[in-house]
Amino acid sequence: MTLGRACLFLALAIAPIGAIASIYGARTGRREWVAVGRRSVYALAAVLTVAFAVLESAFLRSDFSFEVVTTHSSIATPFFYKAAAMWSSQEGSLLLWMWLLSLWSSLVLFLTRRSLRELAPYATAVLLGFATFFGALVVFMANPFQLLDPAPSDGTGLQPLLRHPSMMIHPPMLYSGYTLFTVPFAFAVAALITRRTDAAWIRATRRFGLAAWTFLGIGILLGARWSWSELGWGGYWAWDPVENAALMPWLAGTAFLHSFMVQEKRGLLKLWNVCLVLGAGILAILGTFLVRSGILQSIHAFGGSTLGKPFLGFIALLVLGSVALVMSRRDDLRSPEARSYSPLSRESIFLMNNVLLVGLCFVIFWGTFFPLISEAVTGNKASVGPPWFDRYTVPLAIGLVFFSGLGPLLAWRKTTLAGARRSLQGPALFALVVVVLLIVLGVPAGKWTALALFGGAAFAIGSVVQELWRGVSVRRAQAAESPPVALVSIVRRNRRRYGGYIVHVGIALLFVGVGASAAFQHVRDVRLSPGQTARVGGYDVHYVRATSSVGPEKVSLGAVLDVSKGGKHVSTLRTTRGYYPSSDPTAGPVGQYFDGDSTTEVGLKAGLRRDIWTAVQPDIGAMQKMVDGIDKRFPLAQGDTQRFLLTAVSQRYVVAPPPAVFRLIVSPMVEWIWLGGIVLGLGALIAIWPPPRAQRRHVVAPSWSARLGRELSRA
Amino acid sequence: MDPRRKRRIRLGVALSAAVMLAAGLIYTSFSAASDARTPSQLLRTAESGRSYQLTGKVVPGYRVHGDSLDFRVRDRAGGSSVLVHYTGEIPDPFKGGREVIVTVRRSGSRFVGQRDSLITKCPSKFSASKGT
């Protein structure tokens, strides 16, 4: 047995033992058993770190005695991608999931080791329950340490399309998001079990919820960015079930991050918050399940996976357990102040925003699972496409952007009409000016969804700027600081609030990018020979010449394109398609390259105003006769001879190129999506960052004295 | 107005709106959906003029001519296959043996793919079926 496999067995032993110890300690009040549970989580993290390091080292050393290394890496795979190849496999990605879960669990239990003593043991048990399930999967069903005897001399290599820098961090980001959502889930379950449904569990886990939301959001955006800049289809979102599965917990997370504040400030929405947190946790597992079950046709689902049934059982257990727990504690979840709800208050706006987010989540859930629903109702599996999703998600998104601007402008409890009017007029005027200006600049009034989205985004940004301006003015009056210093001061003193505002700006920028690129994109598929020109979105794209290259791993055929507007040169773009050899032993020395995988290198001119996106599809069918002839004459060509033949074919392509098919896209403001993502990440980081030490002492002190008082009264 | 009555009216309005929206959602999803079919199901039940989502594996030996493609799609477990003529963007991972999803309409003995509707499995998920 390898060290890695031994670590997995050890992990599978530690997790249930720790869970049982935690529950026993909590039920009997024996602190030493609770400590055993907590230390089990630390031990689990240590053991899984070793297992992770063993597998990672096998990839980096190209140790092909491991099956997973053979099937996902090779000697020629660049070092950077060898490190990332681990999570391109089902087995490796499950180990990554479990490892991240153990790390985040250790962090939250370490940070709460002196607080939440009633809740922590049950939360520990829940987190170790998750670890037990995933441990069982990697031990019994998806062993990442499966050995090959004899070991092959080389592997099949990492799939060429995955060789993109985003793939190094995209899966770990998504998995960090998924695993971090289990932390609030675990503490919500603990709060329900112990009937401690006040805001203490929220305060303890809010940062983890925010971190989950941030990681998942960045993970989703990195996937979209990879799709746009690497894949040859010219889009960043396709409403695929697995993409939707990542978006749903993110939406639920967005909802609870807002409604948490209502419970903290007003003691309202206890039941709603618990349901959202439990829902987000279950949706995170559902996302992992969809990738591995094959239950829905998804381009992102693992082929031939056998993990669907255990996942389904686990999700059923989570849903039934959550429903039973919430039902049994419904009396503890009633809010004492339920009657004092003013419609013109921040909490009302947060509630509306929550309704829209949950509505959006439900629409996506319905559309994603519609094949199963239709099969159950009609007997036929049917699915809905992007136009159906757009019909519902666009109006909901417009509403969300608008409410994200409205929330910060209203006070808690109640705002007078005059006060609301005073707060609203600045941002509303700004939004109106932006919309009118866009119409004057030529945006057709018929594109009302795009205009509404831009107006909503302008309103949201205007409200944040107004709030920052107010804060800076007050600070300057108090401390006589310069505006930049005053801005830094107010953000430092209230990181959560202003970090949230910056996130709102990021979301507004992101929506502007999505709205503009969806409504005003120009796409053309054209067949061009060198010297010919095509027009797209007001730009002339001239096919200058064909290109080719023969590398150690692939043959590339491409094109040089000259882009101009009104006779003025804008950019020179190079787009290629790389052809990798197939592993089919019957294919000829040249033909094998055109039967294998191929990847598009997009020719992209990115900018804040618009992206010019080009992709070439060389007509290899026209070269087939030549390739077949060479393969027939030199069937055993290898090494230098094979390279010489490939060079001859590629040079022939350059000298007499057949017409190639190009996809040409001019898409406005796509960069705003990525820019919005950066701003969103920055805002989230500010909101997650712990408050200054002095403020922390101020906040912590009452809870310390309260606990001391409680424990003294028990003594 | 009595606050209790006010709350009931609000709840009634909210529930009515939710029911209406849900009804719209259900109606539009059934009317806008296209049936998913395997090649063998398509051969048995396809009607002319209706669109279907065809799912299956690409049979090796397809031909690319510029941006058009003639290929056969077979059931996952082998068996029946159908000929598809497709025009539009050919995804990078498209290859013999790979799983694809394409929206098609019947046209005589073959099927014509809807432009740009061809999608292939995400490249990170090509793991072979265990035990097959």
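The rules we used
Residues numbered from 1 in each chain as written. Chains lettered and ligands numbered in written order. Predicted model: local features only at pLDDT ≥ 70, side-chain atom pairs only at ≥ 80, totals over all residues. Helix = DSSP H or I, 4+ residues; strand = E, 2+ residues; numbered from the N terminus. Buried ≥ 20, exposed ≤ 12 C-beta atoms within 10 Å, placed from the backbone. Contact = placed C-beta atoms within 7 Å. Rg over C-alpha atoms; globule rule 2.2 N^0.38 Å. Expected span 1.5 Å × (residues − 1). Domains from an automatic or database assignment. Axes fitted to C-alpha atoms, helices over the stretch in contact; angles between N-to-C directions. Left-handed = near helix turned anticlockwise from the far one by under 90°. Nonpolar A, V, L, I, M, F, W, Y, C, P; charged D, E, K, R; others polar. Pairing = 2+ DSSP bridges. Parallel < 35°, antiparallel > 145°, perpendicular 65-115°, else oblique. pLDDT = per-residue confidence, 0-100.

(A) Structural view of the overall build of chain B. From N to C terminus, chain B includes 2 helices and 8 strands. Reading chain B from its N terminus to its C terminus gives the helix and strand order α-β-α-β-β-β-β-β-β-β. Judged by the C-alpha coordinates and their principal axes, chain B covers about 75 × 35 × 30 Å. A burial count over chain B gives 36% of its 132 residues as buried. Sequence separation of at least 24 residues holds for 48% of the intrachain contacts in chain B that already meet a minimum separation of 6.

(B) Geometry of the overall build of chain A. Along chain A, the regular secondary structure elements total 23 helices and 10 strands. Against the globule reference of 27 Å for 715 residues, chain A gives a C-alpha radius of gyration of 28 Å, in line with a compact fold. Referenced to the eigenvectors of the C-alpha coordinate spread, the extents of chain A come out at roughly 95 × 70 × 60 Å. Of all 715 residues assigned to chain A, the portion counted as buried reaches 51%. Within chain A, counting contacts between residues at least 6 apart in sequence, those at least 24 apart form 75% of the total.

(C) Structural detail: helix α10 (residues 241-266) of chain A. For α10 of chain A, with 26 residues, the first-to-last C-alpha span of 37 Å sits near the 38 Å given by 1.5 Å per residue. Most of α10 of chain A sits inside the fold, with 24 of its 26 residues counted as buried.

(D) How the structure looks around the domain arrangement of chain A. The domains assigned to chain A are domain 1 (1-158) and domain 2 (530-658). A C-alpha centroid distance of 43 Å is found between domain 1 of chain A and domain 2 of chain A.

(E) Layout of the packing of helix α15 (residues 417-440) of chain A against helix α16 (residues 448-479) of chain A. Residues and elements named next belong to chain A. Direction vectors running N to C along α15 and α16 enclose 145°, while the axes themselves pass 8 Å from each other. Classified by chirality, the crossing of α16 by α15 is right-handed. Note on element contacts: α16 touches α15 through L451, F454, G455, A458, F459, G462, S463 and Q466, opposite G426, P427, A428, F430, A431, V434, V435 and L438. Along the lines of polarity and charge, the residues of the contact of α15 with α16 split into 11 nonpolar, 5 polar and no charged.

(F) Representation of the domain arrangement of chain B in the model. Here the domain parsing of chain B yields domain 1 (1-33) and domain 2 (35-122). For domain 1 of chain B and domain 2 of chain B, the distance between their C-alpha centroids amounts to 41 Å.

(G) Local environment of the sheet that holds strand β4 (residues 539-550) of chain A. All names here are of chain A. Reading across from one edge, β3-β4-β5-β6-β7 is the order of the 5 strands in this open sheet, with antiparallel pairing throughout. Where the open sheet ends on each side, the last strands, each with one partner, are β3 (533-536) and β7 (598-601). When the angles between neighbouring strand axes are averaged without regard to direction, this sheet yields 25°. Together, β4 and β5 (555-565) form the strand contacts of helix α21 (residues 639-655), whose direction differs from that of β4 by roughly 160°.

(H) Local environment of the sheet that holds strand β8 (residues 603-605) of chain A. Residue and element names in this part refer to chain A. An order of β2-β10-β9-β8 is seen for the 4 strands of this open sheet, with the pairing classed as antiparallel. Unpaired on one side and paired on the other, β2 (522-528) and β8 mark the two borders of the sheet. Across the sheet, the axes of successive neighbouring strands diverge by a mean angle of 15°, strand direction being ignored. Inspection of the sheet shows β8 paired to strand β9 (residues 610-617) by 3 bridges, in the antiparallel sense.

(I) Fine view of the pairing of strand β5 (residues 81-87) of chain B. All names here are of chain B. Judged by which residues are buried, β5 turns out to be one-sided: V82, V84 and Y86 face inward and are buried, whereas S81, L83, H85 and T87, on the alternate face, are not. Judged from the 7 bridges that link them, strand β4 (residues 68-74) and β5 form a sheet pairing that is antiparallel. Residue pairing for β5: R72 is matched across the bridge by L83. Here β4 folds back onto β5, and the loop between the two strands holds 6 residues, one of which, G78, carries a positive phi near 90°. Summarising the sheet, β5 and strand β7 (residues 110-113) pair through 2 bridges and their orientation is parallel. Among the inter-strand pairings, V84 is bridged to a residue of β7, identified as F111.

(J) Representation of unusual backbone geometry. The step from D149 of chain A to P150 of chain A runs through a cis peptide bond, and the omega angle for that step is 0°. Tracing the backbone through its elements, the reader meets P150 of chain A in the loop between α6 (120-141) and α7 (165-180). Here W239 of chain A, not a glycine, exhibits a phi torsion of approximately 55°, which is positive. Along the polypeptide, W239 of chain A turns up in the loop between α9 (200-230) and α10. For D116 of chain B, which is not glycine, the phi torsion reads 65° and is therefore positive. Residue D116 of chain B is classed as buried on the basis of its C-beta count, with 20 C-beta atoms lying within 10 Å.

(K) Spotlight on the pairing of β4 of chain B. Residues and elements named next belong to chain B. Side chains of β4 alternate between two faces, with L69, F71 and V73 buried and S68, D70, R72 and R74 left unburied. Pairing of strand β3 (residues 63-65) with β4, which is carried by 3 bridges, proceeds in the antiparallel orientation. Residue pairing in the sheet places H65 in a bridge with S68 of β4. What sits between β3 and β4 in their antiparallel hairpin is a turn of 2 residues, with G66 showing a positive phi close to 65°.

(L) Fine view of the packing of α16 of chain A against helix α17 (residues 483-493) of chain A. Residue and element names in this part refer to chain A. Interhelical geometry of α16 versus α17 gives an angle of 105° and a closest axis separation of 9 Å. Relative to α17, α16 is oriented roughly perpendicular. On the side of α16, the interface is formed by L468, G471, V472, R475, R476 and A479, while α17 contributes P483, A486, L487, S489 and I490. Residues that form the contact of α16 with α17 fall into these classes: 7 nonpolar, 2 polar and 2 charged.

(M) Examining the environment of L116 of chain A more closely. Residue and element names in this part refer to chain A. Mapped onto the fold, L116 is located in the loop between α5 (90-111) and α6. Each C-alpha atom of the pair L116 and A191 lies 9.7 Å from the other, and the pair is 75 residues apart in sequence. Those residues within four positions of L116 in sequence are excluded, and the remaining contacts are A200, W201 and A204.

(N) Region of interest: α5 of chain A. Given a rise of 1.5 Å per residue, 22 residues ought to cover 32 Å, and the 32 Å separating the end C-alpha atoms of α5 of chain A matches this to within 8%. In terms of burial, α5 of chain A is largely enclosed, as 17 of its 22 residues are buried.

(O) A look at the confidence of the model for chain B. Put simply, chain B has an average pLDDT of 81, and 90% of its residues get 70 or more. Counting interchain partners and residues more than four positions distant, the pLDDT-below-50 stretch residues 125-132 of chain B has 19 contacts.

(P) Layout of the confidence of the model for chain A. All names here are of chain A. Taken as a whole, chain A shows an average pLDDT of 89; of its residues, 94% reach a score of 70 or greater. Every residue in residues 697-702 scores below 50 in pLDDT, and together they form 0 contacts with partners more than four places removed in sequence or on other chains. Confidence drops under pLDDT 50 across residues 711-715; counting only partners more than four residues distant or on other chains, this segment forms 0 contacts.

(Q) Broad picture of the environment of P150 of chain A. Judged by local crowding, P150 of chain A falls into the exposed class, with 7 C-beta atoms found within 10 Å. Spatially, the C-alpha atom of P150 of chain A lies 52 Å from that of L510 of chain A, the residues being 360 residues apart in sequence.

(R) Expanded view of the environment of V488 of chain A. Along the polypeptide, V488 of chain A turns up in helix α17. A C-alpha to C-alpha distance of 9.0 Å links V488 of chain A and V472 of chain A, two positions 16 residues apart in sequence.

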